[in-house]
Amino acid sequence: MAEQILLSALSKLLPASALLTSKEALTPYECDGLSVYKGLPLAVVLPQTIEEAQSIIKLCQQYHTPIIARGAGTGLAGGAMPTKGAVVLSLAKFNEILDVDVDNRTATVQPGVRNLAISDAVAQHGLYYAPDPSSQIACTIGGNVAENSGGVHCLKYGLTVHNVLGVTFLTVDGELIELGGKALDDAGYDLLALIHGSEGLLGVMVEVTVKLLPTPEVAKVCMAIFDDIEKAGQAVCDIIAEGIVPAGLEMMDALAIQAAEAYAKAGYPTDAQAIVLCEIDGTEGGVAEFIEKVEIVLTKGGAVETRVSQSEVERMQFWAGRKAAFPAVGRLAPDYYCMDGTIPKSRLAEVLKQISLWSDEYGLPVANVFHAGDGNMHPLILYDANKPGELEETEEFGRKILELCVQVGGTITGEHGVGVEKLDSMCVQFGKLELTQFLAIKDAFDDEGLLNPGKAVPTLHRCAELGGMHVHNGELPHPELERF
């Protein structure tokens, strides 16, 4: 009855085209880029103004209905998957660039603006927005903030959190909160950083102010070809040890290379065991000097050949293969499972070796793609969900990889977030005290647990049942937090 009353109230608030309730209309929203996990929401709403979004949130709170904020749905951790009875609040219509301040090098945009659209809009001023996830042609800035997305250039220019100056978001009460702004710093707690990577658990973003950078005078990519993947991993460490800070430093193994070349025709050598892509940007003289140093380091590290881009077209061609790696690998098997662990660069070779051993053990091929410069790994496990038990084996394999990342001093996610996919792995990385603090923060922002429930932070009971966390005498310090 309450659901019908809510739907009736929403129908009075929104035009028919902005309220989706039929199964056919809801199905495209049943999952994000991780299609293993699916669920149909009660409804999908597409507000066009902040006032409409506020009214929707207040109605949902009144009827104790979960709210799932959604951008472009390109996430890879099930973070935008609807829960039963939830309302999906799509921000697709919040797609305007509100202000470009050339003097202060900032842009204020709505959350539905695509990542790449920001750079396109400010290119005429010799500026660009640095974070560049592989999905930048489609992913939105609101989702980038929610997941604290990275990209191939995050080694030098940082993640989303390092490139956002302010956000405006709606609380679960429908109140409008502004954090940060065009100034470099604010008094008080750094809540702006807290919002980054919060995965829709703390609020619904409606405006984002990003930092713009001057377009580099020149950029070149050195592609190094290796006959041994462990040598390639060590060469990545050698570049950083030399004091060189590349704009991007990426690595791909043989299977990923072959898939990307067949898909994107990027000029990759299909007989290589690994390639390293190292980009240097800056002034003409500076780039030439550092590219020469990079070639020397890579050759000493065992590269059998190095190639340097000779034009902007060739530079973009080198990157095209890397950025197309995920869809390219999708042609090799009916399904693939993309992991997102991060490790210390010095442990790369041994982690790769263990993944290879597990690949043989499970009989599941793995294509490895890395933001190698910051240790962010993306092993893509190939499988067929139509084969009984293969999905479960793949998930088990994936959990082992994430556990290994934690064991060597890393983390279970570098940029994709936790969503529903890595909930259990959170119990491996964090103990009772840390999780209690996470849950307390959630409680402070959303004491009914209506914003994206069941995502990102597991309950203490769940972790205790998994055996991944010890709860003293079976008692929880804050049992009221368990309702999330």
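Reference entry: report on the structure contained in this document. Just so it is clear, the structure is predicted and the values come from calculations on it, not from any experiment. (Residues numbered from 1 in each chain as written. Predicted model: local features only at pLDDT ≥ 70, side-chain atom pairs only at ≥ 80, totals over all residues. Heavy atoms only, no water.)

1. Section: the pairing of strand β17 (residues 366–371)
A regular strand places its side chains so that they alternate between the two faces of the sheet.
Part 1: In terms of burial, β17 is a largely internal element, six of the six residues being buried.
Part 2: Along β17, one buried face is formed by V366, N368 and F370 and the opposite face, lined by A367, V369 and H371, is buried too.
Part 3: Looking at chain direction, β17 and strand β18 (residues 376–383) are connected through six bridges and run antiparallel. Considered in β18, the bridge of N368 is made with P379. (Buried < 20%, exposed > 50% of the residue type's maximum accessible area, 1.4 Å probe, protein only. Helix = DSSP H or I, 4+ residues; strand = E, 2+ residues; numbered from the N terminus. Pairing = 2+ DSSP bridges.)

2. Notes on the sheet that holds β18
Across a sheet, paired strands are connected by hydrogen bonds in the backbone, their directions being either parallel or antiparallel.
Part 1: One open sheet accounts for seven strands, arranged β15-β12-β14-β13-β17-β18-β16; its pairing is antiparallel. Looking at the sheet topology across the chains shown, the edges are occupied by β15 (305–308) and β16 (335–338). Geometrically, the sheet is characterised by an average inter-axis angle of 15° between neighbouring strands, direction not taken into account.
Part 2: Of the pairings in the sheet, the one linking strand β12 (residues 218–226) to strand β14 (residues 274–282) comprises nine bridges and is antiparallel in character. What sits directly across from F226, in β14, is A274.
Part 3: Sitting on the sheet, helix α8 (residues 229–241) is in contact with β12, β13 (248–253) and β14, with an inclination near 175° to β13. (Axes fitted to C-alpha atoms, helices over the stretch in contact; angles between N-to-C directions. Contact = heavy atoms within 4.5 Å.)

3. Some points on the state of the cysteines
Part 1: On inspection of all chains with the given rule, the structure shows one disulfide.
Part 2: The side chain of C427 participates in a disulfide bridge whose partner is C463; the two sulfur atoms lie 2.0 Å from each other. Across the S-S bond linking C427 and C463, the dihedral sits near -75°, which makes this disulfide left-handed. One end of the pair, C427, is in helix α15 (residues 423–429); the other, C463, is in helix α17 (residues 460–466), with 36 residues separating them in the sequence. (Disulfide = S-S within 2.5 Å.)

4. Quick notes on a negative patch on the surface
Part 1: Taken together, the side chains of D173, E175, D447 and E448 present a region of like negative charge at the surface.
Part 2: Residue position: E448 is located in the loop between α16 (432–445) and α17.
Part 3: For E448, a relative accessible area of 35% gives the class partly exposed. (Patch = residues over 30% accessible without salt bridge, like charges linked within 9 Å, V, L, I, M, F, W, Y side chains within 5 Å. Areas by Shrake-Rupley, 256 points an atom, 1.4 Å probe, with all protein chains shown as cover. Salt bridge = Lys/Arg side-chain N within 4 Å of Asp/Glu carboxyl O. Lys, Arg positive; Asp, Glu negative; His and termini not counted. Charge placed at Lys NZ, Arg CZ, Asp CG, Glu CD.)

5. Notes on α8
Part 1: Helix length check: α8 (13 residues) gives 19 Å between terminal C-alpha atoms against 18 Å at 1.5 Å per residue, within 8%.
Part 2: Every buried residue of α8 is accounted for by A232, G233, A235, V236, C237 and I239.
Part 3: In the core, the buried residues of α8 are packed alongside β12, β13, β14, α10 (284–300) and α13 (348–362).
Part 4: For α8, the side-chain oxygen to backbone nitrogen distance between the N-cap and E230 is 2.8 Å, and the N-cap itself is D228.
Part 5: Taken from the residues just after α8, G243 is the one with a positive phi, measuring 85°. (Expected span 1.5 Å × (residues − 1). Polar contact = N/O pair within 3.5 Å; in protein donor to acceptor, adjacent residues only side chain to side chain.)

6. A word on the packing of helix α1 (residues 2–13) against helix α3 (residues 50–62)
Part 1: Packing of α1 against α3 brings their axes to within 10 Å, and their N-to-C directions diverge by 170°. Accordingly, the angle class assigned to the pair α1 and α3 is roughly antiparallel. The handedness of the crossing between α1 and α3 comes out as right-handed. Two secondary-structure elements touch here, α1 through L6, A9, L10 and L13 and α3 through E52, S55, I56, L59 and C60.
Part 2: When its residues are assigned to classes, the contact of α1 with α3 shows seven nonpolar, one polar and one charged. (Parallel < 35°, antiparallel > 145°, perpendicular 65-115°, else oblique. Left-handed = near helix turned anticlockwise from the far one by under 90°. Nonpolar A, V, L, I, M, F, W, Y, C, P; charged D, E, K, R; others polar.)

7. Focus on the side chain of S198
Part 1: Looking at the element boundaries, S198 is found in the loop between α7 (191–195) and β10 (204–211).
Part 2: Within the structure, S198 has its side chain in polar contact with the backbone oxygen of I195 (distance 2.6 Å).

8. Re unusual backbone geometry
Trans is the prevailing form of peptide bonds, just as negative phi is the prevailing case for residues other than glycine.
Part 1: Although it is not a glycine, R105 adopts a positive phi angle of roughly 55°.
Part 2: With respect to the helices and strands, the residue R105 is situated in the loop between β5 (97–101) and β6 (106–109).
Part 3: Judged by its relative accessible area of 41%, R105 is partly exposed.
Part 4: Backbone geometry at N452 places phi at a positive 45°, although glycine is not the residue there.
Part 5: Checked against the element boundaries, N452 lands in the loop between α16 and α17.

9. Describing the nonpolar core
Generally speaking, soluble globular proteins have nonpolar side chains that are buried together.
Part 1: With 79 residues, the main nonpolar core has V167, V210, F226, M251, V276, L298 and F397 as its most contacted residues.
Part 2: Excluding anything up to four places from it in sequence, V167 contacts V145, I177, E178, L179, L192, I195, E207 and V208.
Part 3: Ranked by size, the runner-up nonpolar core spans 34 residues in total, among them L19, L42, L59 and F94. (Core = buried A, V, L, I, M, F, W, Y, C linked by side-chain atoms within 4.5 Å.)

10. As for the sheet that holds β6
Part 1: Within the open sheet, the five strands sit side by side as β5-β6-β10-β8-β9. Their pairing is antiparallel. With partners counted over all chains shown, the strands left at the sheet margins are β5 and β9 (176–180), one partner each. For this sheet, the mean inter-axis angle between neighbouring strands, taken without regard to orientation, is 10°.
Part 2: Here four bridges tie β5 to β6, and the two strands are oriented antiparallel to one another. Following the sheet pairing, D99 is matched in β6 by T108.
Part 3: Each of β8 (164–170), β9 and β10 touches α3; the most contacted strand, β8, lies at about 50° to it.

11. Quick look at the side chain of T65
Part 1: If you trace the backbone, T65 turns up in the loop between α3 and β3 (67–70).
Part 2: Not counting the four nearest positions on each side in its chain, T65 is found in contact with L6, C60, G85, A86, V87 and L450.

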